[in-house]
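Structural description and commentary
Here is what each chain is made of, one letter per residue.
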Amino acid sequence: FSSFFLRRRLVDMLSENQDVISFYPGSTKGPEVSVGRIVVHDRLKMETSILPRYFNHSSFASLRRQLNYFSFTRVGKGRQRGATYCNDGVVELDD
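Residues numbered from 1 in each chain as written. Predicted model: local features only at pLDDT ≥ 70, side-chain atom pairs only at ≥ 80, totals over all residues. Heavy atoms only, no water.

**Details of the confidence of the model for the protein chain**
- Mean pLDDT over the protein chain: 85, with 89% of residues reaching 70 or higher.
- When pLDDT is averaged over each helix and strand of the protein chain, the minimum, 86, is found for helix 1 (residues 3-16) and the maximum, 93, for helix 2 (residues 43-55). (pLDDT = per-residue confidence, 0-100. Helix = DSSP H or I, 4+ residues; strand = E, 2+ residues; numbered from the N terminus.)

Have a look at this one:
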């Protein structure tokens, strides 16, 4: 996959499935700068419904590698709900 293809699929997935995975934009205004973050609300639904539709696989580990490719790092450990991935260089996601 090209990086453009991965980014396009990621942006589509985030915009069309906000009940399962969401992007929260950061801010560069004001005294505090915040980074954009991606939050997975329902890992099981991601693996069974969302990932196969956008990436032709159901591997959460593969999604994690794709997020790492775009310099998103996991905040926290384990399989808990609300798995969060942050990137210091991303405030907004767009095409």
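**Side note on the pairing of strand 2 (residues 36-40)**
- With 4 of 5 residues buried, strand 2 lies mostly within the body of the structure.
- Inspection of the sheet shows strand 1 (residues 21-24) paired to strand 2 by 4 bridges, in the antiparallel sense. Across the sheet, residue Ser 22 finds its bridge partner in strand 2, namely Val 39.
- Here strand 2 runs beside strand 4 (residues 83-87); their pairing, made up of 5 bridges, is antiparallel. From the neighbouring strand, Ile 38 faces strand 4, where its bridge partner is Tyr 85. (Buried < 20%, exposed > 50% of the residue type's maximum accessible area, 1.4 Å probe, protein only. Pairing = 2+ DSSP bridges.)

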